[in-house]
Amino acid sequence: MNTAMDDGRGERPGEQTLSLPAITDAPPGPPADLPAEPERAAGRPPGAKPEREATGPPESSAARPGRDSPAGRRAGERSEPESPAGRREPGVAERSEPEFDAFAPFASGDSKPGPEAPAEPQFDAFGPVVRGSGAAAAEPEPATGEETDQAPEETPAAKREPVAVEDSEPGAPAESDASEAAEPGLPAEAPGDGAEQEAVADEDEADSVPEEPEAKSVPEDLGDEADSVRESPETEAESVPEEPGDGAESVAEEPETEADSVPDKPEDEADSVPEGPEAEGVREEELPPETVKAMAAALGALRESVASLRFGLDLPGAGEARKASGELLAQLEDYVLPRVRMNTAPALIVVAGSTGAGKSTLVNSLAEKNVSRTGVRRPTTGVPVLVCHPDDRQWFAEGELLGGLRRFDQARPEAGQRGIVISATEKLPQGVALLDTPDIDSVVEEHHEIAHRMLDAADLWIFVTTAARYADAPAWNLLRLAKERGARLAIVLSRVQDRAREVVLKHFVRMLTEYGLGEIDRFVISESKVADGRLPDSEVTELRLWLAELSVDGARRAQAVRETLNGVLDSFRTRVPALAKHLEAQVAFRGELRGDVEAAYLGALTDLDKAFRSGALIHGEVLARWQDFAGSGDLMRSLQLRKRARSGRQTPERIIAFRAALRAGLESVIVAAATRAAEEVTARWRHRAEVGAALADGLERPSDDLVRHAGRAVAAWQEHVTELVRTEGVAKRTVSKLVSFDADSLSLIFMVAMFSGGQVEGVPHRLVKALLGAESLRGIGAKALSDLRARISMLFDEESMRYVQALDSAGIPDESAATRLYQATYNLEVAR
Amino acid sequence: MTTVTTPRPGLSSRLSALSKVVELGPGRLDPKLMSEAESLLLRAGDRLKLSSEHTVVALAGGTGSGKSSLFNAVSGLELSPTGVRRPTTARTHACVWGLEGAAPLLDWLQIQWRHRFARASALDKGESQLHGLILLDLPDHDSIRALNDNEADRLIGLADLVVWVLDPQKYADASTHRRYVTELAGHEAVTVFALNQADRLSTEELAELVIDLNDLLRREGVEHPTVVPTSAVTGRGVESLKSVVAAAVSRRRAAIQRLEADLRKLEQRMTAAMPVGEALAIPAAVDEARKMGLVDALCDAVGVPAVGEAMENIYVERSNRWVGWPFPRWADRFRPDPIKSLRLEDVSDEIKGIAAGTVTAQAAEVTNAVQALAEGLSGTMHPVWRSSLHHAARSRLGKVPSALTEDLTQVAPQLDRVPAWWRLLKAWQYALVAAFGCGVLWLLLGLLIPGALPPALELMGDTAALPWAALMTVSVLGLGALSGIASRNFVELGASRERERLEREMRRRVAAIAEKMVVEPVERELARHHAFYTAMRGLSS
């Protein structure tokens, strides 16, 4: 691969040099140049863009054809009038016409695959080359001047162009000019450029498939570029990846229409090659913008679903799930989303390891500047420190990566857990940034959290351990994590005493190999005098070289970035479903708890029914009062012959007492049943899990109001029965002619008959039957019983509400959230 | 054992309090605390039985902090292999100064024979103060090897004095602090921190580090940490570590101090889980007022007052038939009977039958009564005890209603009983009725056929006597009515006296059952509760 890469580079030196003028022109140009020299402006943006485009769409198109129908696709491209021209141009007039640069990458991009076609290594070669040009474009900048600062930022901007246009500020006249220039109107002003522009547009409108991405990107880039020149590209980064032409009127129709035409094709392509990106990852290809868009959308959806997760019940594992979802969310926001949107941003290399392993010393030595405090106190570093090349600084200072953290220039106490210190040094190569993290194993546990959050956002991990620590359990836990996540890893074994070097190294390597990590880049740093928080330069040379290589070799960097990103995305396959699973467990558990409540109170109702039917109520005082009522002759007296006028007789005391006894009896039966149910619920909850026990706390007994409510309900029911007997108890005609009866007493006899259950032959039953008639008795009986049941179940509902409230207070898990998570994961897989 | 080494009375009494707690604890105390308490008792018993002449000192720490080097430096011999490969030591090594009597202790510590070394220290000049030292070189606790090996944990738990070997790189590791150091509060007397590898630092750095370490330890609850900077390489500080250890060894108190500290720690956790607080204010027996309340509630469940009232009412009603003035009763017979008109003649007999007294207890009310008692007693208790008290109260609940029913039926009023004086009164009433009849007859005869009477009945024809006869007849009638009213009053008086007697008797029986089936188990549990908390207090004093 490396050789292929070299080849690629060797093949097209022209491009790299070409891209220079384009870029150097660009940054100074926009503010002043654009209005003054439309051609230049017009020429430049395409010039600048295409390079980036070249890294983007063409690659993807090239890659895609490679997969589905390379020949046909390429043939199509070739047939278009532009491509030959474009191809010729770079060869002929590369240096003279910056505008042609625009096509150079395309053309070469197109042309390259042609011959190289299906052979994979060649694709590899091709990729790096294009990348290389991008990197090359960035590299010379320091040399050319400070204004070119934005060049690297343009890279992300360019990548994000579909996103960025929205933000463009038409307020600046230059911009509108630039964008106008991009529009067809342009030809009039600048024929030379215009022709090309048109050509580009034509291509686009012609719907030629392979050109689409380019076409789209070109015009948008114009606007975008204009923006990025003026505005800080980071702000654009915020914009949603939709409606490319939307925000900026100046960019207007042209790009839009083109943009419209664009999504169709590429999406088709994306559909036809759904697993494209994954495969491409290996070849460090960049994602086509549409895939990026789709992935960003899918990831956004995933983020939404993860953010809305609530694990209210403290089930075993809920803490972990909560933590995992927090981590997932942070990783999505800090790393995955930004990284997917612009994957050529500088690589973030996170230096992690045990406390006292010398992370800060290492970072200081590499930066040749004391950016991070070192010392003998453990733990030393509490706030992550990011060091990068000055050119990358702004990107990190304002970028989305680790967007949740506040930026500081120097370590300050308030930085705490939500801050990050950013510092720049020219000693570090461009395109790579080092992040010194807090430890993973000291007593300060917040540090572990910060460190893990940083690692979650890392493109590469440098794991630092020492000769004294390399067997520590936390270290290996971290290595396992790295392996699980598929993160790109390098290991630094520091503080190795020279005399022990052999043995330790051998042993460590063996351990690594046993762990399946034998292939990983390793660096050994000897125990040496640390001066001023830095190691002697000789100790870090190797590592510095490694960094430099990573910086220069954009392809390798990109590959590492993609690998880590893919690893993270892969890890979502297990991490998200794990969350969903726990969520389902929560929902199921809640269902079980609710089921317990329902079952307990249903059981209580059944018990009551049984008690009513079995005559359990006619015991104790009720029985005594009934005996009193019957034996004292009140029963007989309550029946009177019609002939006698019913004088306004006072209800005798005995009837009142009887009634009260019945009420008390019923009440106690209800209360006992409710108490039993309450105990059952709490017992079941306790039995289920600790969280159940916590929820059940204070609910072992029925509510204080129960007795009062039950009394009221029973009294109301008695009233109701008396009323029923009075109104519906139309006695048999034969009876009513002869006998009148007192509704109060009769309702009491009726209740006794009702509750003495099966004893149909009993006195009360026969009495009421004789008085009311069998049919009427049945009617009243059914009504009275169902009314009683309704009242009791209302009481019980009130009781069981307490448990439901206790459950709800722990948070109601969203039952659809798990499904949404699965869906989001699936969508993400599809988008990849 | 010498007098110096006998455990202070404090320790043994507290240990016995702990064993009491363990005895009463099952089902009440958190199982984890229970098992810890049990193992502490076991360990204390074992350790106090074994040589008190020896002090077990363990060198503990992370991998690579130089435990073995320090071990060798202290013992002056290369006993434990040191190395650069991590982890180095996998088995515990022991070095004994003064072998006599140490073997059982080493056996107890489960140190392998081949890792035991002895120093005849008495012969070594200047090392006599180390006599009685058993120095252990533990494996590390934080390497990946230690994940599956709790050797270090086990011995850290058993040693009398633990020397934590820290080094400048790892002194703040969570694996040391979270798992061990935070547990060390109160163990200052039996814990030493050796800051090893001091040779790697400059003097200023070392000073800074010692201050930092002290702060860190203090933050974690180790009030007065003993920190000794050492260097196994240069030998610096090894002597001062030796002297610290020697001081502990010569005092012969480390074992006891360790146990005391562990006990205090455990006690604190137990007290946190089950604070004594007001628990001892809860009486060990059920007070009279609560008992009364329970009996009242149970009486209600049986319906004692209602039974009494019913008995009284029915008694009075029935007495009417015997002692009432017959005329109104006869008059009633002529009143049409609604029951008859309903053709339910047999029902009226059954209605009379209902009154034949049976007494039953209502189960739900019994349950509620017992529940209320338990609730009232356990109001301020720890939830665990509350539920165990409830459990105890209900232990025989199922049998209470039937026991009440059976027992009280024996005293249920016999309503069909007819007292003799009722019969007498009835006879008297009928005599009066007869007298009244005679009077009426006399009057009739005297008025209608005054002359036609046989001479024997001449007197009756005497008109002069007639007014007197009439007066007498009316008086008889009045007498009958009066006696009816009077006897009714007597009946009522008797009934109410009977009712009182009945209620008293029933109450007595209810109380007996309540005592036997409810109060007794409750009091047992209360006594246990009281004993438990007394032991808990004994543990903390």
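Structure: see above.
Residues numbered from 1 in each chain as written. Chains lettered and ligands numbered in written order. Predicted model: local features only at pLDDT ≥ 70, side-chain atom pairs only at ≥ 80, totals over all residues. Heavy atoms only, no water.

This part covers the packing of aromatic side chains. Under the definition given, this model contains 16 aromatic pairs over all chains. Both rings, one in Trp685 of chain A and one in Tyr803 of chain A, keep their centres 5.7 Å apart while their planes meet at 85 degrees; by these two values the pair is edge-to-face. Taken as a pair, Trp685 of chain A in helix H33 (residues 653-688) and Tyr803 of chain A in helix H39 (residues 774-809) lie far apart in primary sequence, 118 residues in all. The class for Trp685 of chain A is buried, based on a relative accessible area of 0%. When its relative accessible area of 0% is taken as the criterion, Tyr803 of chain A is described as buried. When the ring of Trp385 of chain B is compared with that of Tyr533 of chain B, the centres are 6.2 Å apart and the planes differ by 50 degrees; the resulting orientation is tilted. In this pair, Trp385 of chain B sits in helix H16 (residues 383-393) while Tyr533 of chain B sits in helix H20 (residues 466-540), placing the two residues 148 residues apart along the sequence. The exposure class of Trp385 of chain B is buried, given its relative accessible area of 0%. Feature note: the residues Tyr470, Trp476, Phe508 and Tyr515 of chain A constitute an aromatic cluster, connected by ring pairs. The aromatic ring of Trp113 of chain B is capped on one face by Arg116 of chain B, whose charged end is 4.4 Å from the ring centroid. (Phe/Tyr/Trp six-rings, centres within 6.5 Å; stacked < 30°, edge-to-face > 60°. Helix = DSSP H or I, 4+ residues; strand = E, 2+ residues; numbered from the N terminus. Buried < 20%, exposed > 50% of the residue type's maximum accessible area, 1.4 Å probe, protein only. Lys NZ or Arg CZ within 6 Å of the ring centre and 35° of its normal.)

Before going further, it helps to spend a moment on the nonpolar core. All names here are of chain A. In this structure, Leu299, Leu302, Val336 and Phe572 are the most contacted members of the largest nonpolar core, which totals 78 residues. The residues touching Phe572, leaving out its near neighbours within four places in the chain, are Leu299, Leu302, Leu328, Gln331, Leu332, Val336, Pro577, Thr825 and Leu828. Leu635, Leu695, Phe750 and Met751 belong to the second largest nonpolar core, which has 74 residues in total. (Core = buried A, V, L, I, M, F, W, Y, C linked by side-chain atoms within 4.5 Å. Contact = heavy atoms within 4.5 Å.)

Quantified by volume, the second largest pocket comes out at close to 1,200 Å³. Surrounding the second largest pocket, 43 residues form its lining, Lys323, Glu327, His448, Glu449 and His452 of chain A being those nearest its centre. Elements represented by at least two residues in the lining of the second largest pocket include exactly helix H23 (318-341), helix H26 (445-456), helix H27 (473-485) and helix H30 (554-614) of chain A together with helix H6 (174-177) of chain B. In the lining of the second largest pocket, the residues fall into 16 nonpolar, eleven polar and 16 charged. (1 Å grid on protein atoms, 1.4 Å probe; cavity = no way out; pocket = protein on both sides within 12 Å on 5 of 7 lines; lining within 4 Å. Points joined across faces, edges and corners; volume = space filled by probe spheres on them. Nonpolar A, V, L, I, M, F, W, Y, C, P; charged D, E, K, R; others polar.)

With that out of the way, let us pick up the pairing of strand E1 (residues 347-353) of chain A. Residue and element names in this part refer to chain A. For E1, a buried count of seven out of seven residues is recorded, marking the element as mostly surrounded by other parts of the structure. Side chains Ala347, Ile349, Val351 and Gly353 project from E1 onto one buried face, and the interleaved Leu348, Val350 and Ala352 project onto a second face that is buried too. Of the strand pairs in this sheet, E1 and strand E5 (residues 432-436) are connected by five bridges, and their pairing is parallel. When the bridges of E5 are listed, Val350 appears paired with Leu435. Bridge count for E1 against strand E6 (residues 460-466) is five bridges, and the pairing is parallel. Considered in E6, the bridge of Ala352 is made with Phe463. (Pairing = 2+ DSSP bridges.)

The end-to-end C-alpha distance of H23 of chain A, which contains 24 residues, comes to 32 Å, matching closely the 34 Å that a straight helix rising 1.5 Å per residue would cover. Largest kink in H23 of chain A: about 45 degrees, centred on Leu332 of chain A. (Expected span 1.5 Å × (residues − 1). Bend = angle between axes of the 7 residues up to and from the residue.)

Scanning the model with the defined rule gives 65 salt bridges over all chains in all. In this structure, Arg178 of chain B and Glu220 of chain B form a salt bridge, with 3.4 Å as the shortest nitrogen-oxygen distance. Of this pair, Arg178 of chain B sits in the loop between H6 and strand E6 (191-195) while Glu220 of chain B sits in the loop between helix H7 (203-219) and strand E7 (227-229), and the two are 42 residues apart along the sequence. A salt bridge links Arg508 of chain B to Glu505 of chain B, with the shortest nitrogen-to-oxygen separation between them at 3.0 Å. One end of the pair, Arg508 of chain B, and the other, Glu505 of chain B, are both in helix H20, three residues apart, so they sit about a helical turn from each other. The structure contains a network of salt bridges with shared partners spanning Asp441, Arg469 and Asp472 of chain A together with Asp142, Lys170 and Asp173 of chain B. (Salt bridge = Lys/Arg side-chain N within 4 Å of Asp/Glu carboxyl O.)

The quantities given are spatial measurements derived from coordinates; they are silent on function.
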